[in-house]
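Coordinates in review
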There are 2 protein chains.
Amino acid sequence: MEPVRDLARTRDRILKAALAEFAAHGLAGARCNAIARRARVNHRMLFYCFGSKENLYREILRRKFTERTALFERRDDDLAGTILRWYEAVAGDQDWVRLLEWEALSTAPAQKLVGERERRSYISEALEALRRSQANGGIPRDLNLAQLHLSIIALAVFPLAFPQMTRLATGLSPTSARFRRQRLRFLRSVSARLQMKSPERSRSGAVREKPRTALAKTGSRRLSNPIRTMRAEVAE
Amino acid sequence: MEPVRDLARTRDRILKAALAEFAAHGLAGARCNAIARRARVNHRMLFYCFGSKENLYREILRRKFTERTALFERRDDDLAGTILRWYEAVAGDQDWVRLLEWEALSTAPAQKLVGERERRSYISEALEALRRSQANGGIPRDLNLAQLHLSIIALAVFPLAFPQMTRLATGLSPTSARFRRQRLRFLRSVSARLQMKSPERSRSGAVREKPRTALAKTGSRRLSNPIRTMRAEVAE
DNA sequence: AATAGTATTAACTCGATGGTTAATACAAGG
DNA sequence: CCTTGTATTAACCATCGAGTTAATACTATT
């Protein structure tokens, strides 16, 4: 028999409900009441457990990001494998895509991201893997790897991040089995081509570029904490 | 001397301020007060001119969409031209990207889009152009054109739609001149490759197979399996 | 210059919402 | 049992924000 009082269970429920609510409506649009109702928990418990709506949001992000990056253990796929793996991973978790998207829209340019450390380290590993692949001839020399990485994610994420565009372009929902099949096939063709050597370029001198220095380190800015303003400064 | 009372001017000011505010915060996050302040206009005038916040929002979208699609007059570029043109168009108007993104996040799957008619007709024209290009041999036969169209937009839009990812991957802001140069060069390489004929593909049915089979085939080195979770989902 | 119509304003309403107070129910230890 | 600490609850509070009321100032028309 379940005990009547069980804080851990309550926390879990809240977290689950909050994930759904925040993915659906973002930080500003989410309603504490809605979360509480969804979790079948008293409204007050949100604040008892997490202090504030924003704290709860951050906790959700933190968890989601670590869960997700754990999925991308270092693995040396070829380019096609990497792209397909990203697509599968993304297509399987729309909440994640939406959280990234809310983040994109409501994060000020200089603001520190939730889980930034881990995310940076994940990316530098991914870039390292691409570099190895490039060294092995699996990726053409003239492709900028950071741009490539960004584009892999773009190809994987975009249809789910912009479902309305997907529907306009293809007539399908990005979550439908039919679309997924189509997309997988397309991504396979694309990656096969990306792996090919470049056709002769007219300007052969243009290829050389300054070697990619590692990611710019953002100084650890420890700004005093006033999270007072709900409305974050955002690109204006 | 400017007249003291000028409704047209007031409307314009409101529209301009509203565009900025809605692009920054979305419909739900935008504040009527903020719009009024930014427009240096009495709060009441929003409702006098547009009836409601949502009406105003719709008006903004309507205008922006028609303005934008006008930019994409029919023009038969080759693939590279199309991609680059999209990128330039997108990189030059971040508000537009953000409006699309807010729309993506807050539109229900079945909901009718603002300006849907024009957008559909634009897309079918774009697809038609791609088809012509494909007929001319400018685009390989095996590429699904709707998927290609979607991917062109993805490659153009993504860095601006997810600036935090861009910053993580490249260390640059997607609006910086440096990034834009890098991106242009990258997109040129990519489109050159997309125009190439496919490498001979083993026709042995791998395409219809489960992804892991196809994946294992593409690599030159030993590969591990992609993530398993293609949850069967009742289609459409 | 009186009138009428309209653009603009100050001041208000009223519901929603994040967060709090304080009471209560429960479980564990003595 | 009784006490003590804590999980849970109901009721409340303050603020914010979209939308309204109604008064006022300006302009054109006669």
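Refer to the structure presented above.
It should be emphasised that the depicted structure is a prediction, and the values quoted were computed from it without experimental measurement.

Glancing now at the overall build of chain A. Counting its secondary structure elements, chain A contains ten helices and zero strands. Element order for chain A, N to C, with α for helix and β for strand: α-α-α-α-α-α-α-α-α-α. Scored against the burial criterion, the 236 residues of chain A give a buried share of 53%. Intrachain contacts of chain A at a sequence separation of at least 6 include 65% that bridge at least 24 residues.

Residue and element names in this part refer to chain B. Where helix α3 (residues 43–50) is concerned, the buried positions are L46, C49 and F50. Projection of α3 onto a plane perpendicular to its axis shows the buried side chains occupying an angular sector of 80 degrees, all on one side. Projecting away from the buried face of α3 at angles above 90 degrees are the exposed residues R44 and Y48. Buried residues belonging to α3 abut α1 (7–29), α2 (32–39) and α4 (53–71). Of the residues flanking the start of α3, the one acting as N-cap is N42, its side-chain oxygen 2.8 Å from the backbone nitrogen of R44.

With respect to the helices, strands and loops of the structure, E103 of chain A is situated in helix α6 (residues 94–106). Under the relative-accessibility criterion, E103 of chain A is labelled buried at 4%. For E103 of chain A, the side chain forms a polar contact with the side chain of R119 of chain A, separated by 2.8 Å. Here E103 of chain A is in contact with F65, L113, V114 and R119 of chain A together with Q164 of chain B, once residues within four sequence places are set aside.

This part covers the pattern of salt bridges. Scanning the entire structure with this criterion turns up 24 salt bridges over all chains. When the shortest N-O distance is used, the salt bridge between R62 of chain A and E59 of chain A registers 3.1 Å. Pair noted here: R62 of chain A and E59 of chain A are both in helix α4 (residues 53–71), with a separation of three residues, about one helical turn. Residue R63 of chain B is joined to E59 of chain B by a salt bridge in which the shortest nitrogen-to-oxygen separation is 2.8 Å. Taken together, the residues span about one helical turn, with R63 of chain B and E59 of chain B both in helix α4 at a distance of four residues. According to the relative accessible area criterion, R63 of chain B is partly exposed, its value standing at 40%. Classification of E59 of chain B by relative accessible area gives buried; the value is 16%. A single salt-bridge network, built from bridges that share partners, covers K64, E67, R68 and D93 of chain A.

So, on to the protein's contact with DNA strand C. In the neighbourhood of DNA strand C, 18 residues make up the surrounding shell, with R5, R31 and R44 of chain A together with R5 and Y48 of chain B lying closest. Backbone atoms, meaning sugar and phosphate, form 51% of the atoms of DNA strand C found within 4 Å of the protein. In this structure, a base nitrogen belonging to DNA strand C sits 2.9 Å away from a side-chain N or O atom of R5 of chain A. One nitrogen or oxygen atom from the main chain of N42 of chain B is found 3.3 Å from a phosphate oxygen belonging to DNA strand C. Of all the elements in the fold, those that place two or more residues in the surface near DNA strand C are α3 (43–50) of chain A together with α1 and α3 of chain B.

Looking now at the protein's contact with DNA strand D. Neighbouring DNA strand D are 19 residues; R5, M45 and Y48 of chain A together with R5 and R44 of chain B lie closest to it. For DNA strand D, the fraction of protein-proximal atoms (within 4 Å) that sit in sugar or phosphate groups is 53%. Interatomic distance of 3.1 Å between a side-chain N/O atom of R44 of chain B and a base oxygen of DNA strand D. Listed by contribution, the elements that provide at least two residues to the surface near DNA strand D are α1 (7–29) and α3 of chain A together with α2 and α3 of chain B.

All names here are of chain A. Even without glycine at this site, R40 takes up a positive phi of about 50 degrees. With respect to the helices, strands and loops of the structure, R40 is situated in the loop between α2 (32–39) and α3. The exposure class assigned to R40 is exposed, which follows from its relative accessible area of 65%.

Further remarks concern the nonpolar core. Generally speaking, nonpolar side chains in soluble globular proteins are found buried as a group. Ranked by size, the top nonpolar core spans 137 residues in total, and within it F22 and F162 of chain A together with F162 of chain B carry the most contacts. Leave out the neighbours within four places in its chain, and F162 of chain B touches L100, E101, A104, V157, A161 and F162 of chain A together with E101 of chain B.

So, how was this worked out
Residues numbered from 1 in each chain as written. Chains lettered and ligands numbered in written order. Predicted model: local features only at pLDDT ≥ 70, side-chain atom pairs only at ≥ 80, totals over all residues. Heavy atoms only, no water. Helix = DSSP H or I, 4+ residues; strand = E, 2+ residues; numbered from the N terminus. Buried < 20%, exposed > 50% of the residue type's maximum accessible area, 1.4 Å probe, protein only. Contact = heavy atoms within 4.5 Å. Arc of directions from axis to C-beta. Polar contact = N/O pair within 3.5 Å; in protein donor to acceptor, adjacent residues only side chain to side chain. Salt bridge = Lys/Arg side-chain N within 4 Å of Asp/Glu carboxyl O. Near = heavy atom within 4 Å. Core = buried A, V, L, I, M, F, W, Y, C linked by side-chain atoms within 4.5 Å.

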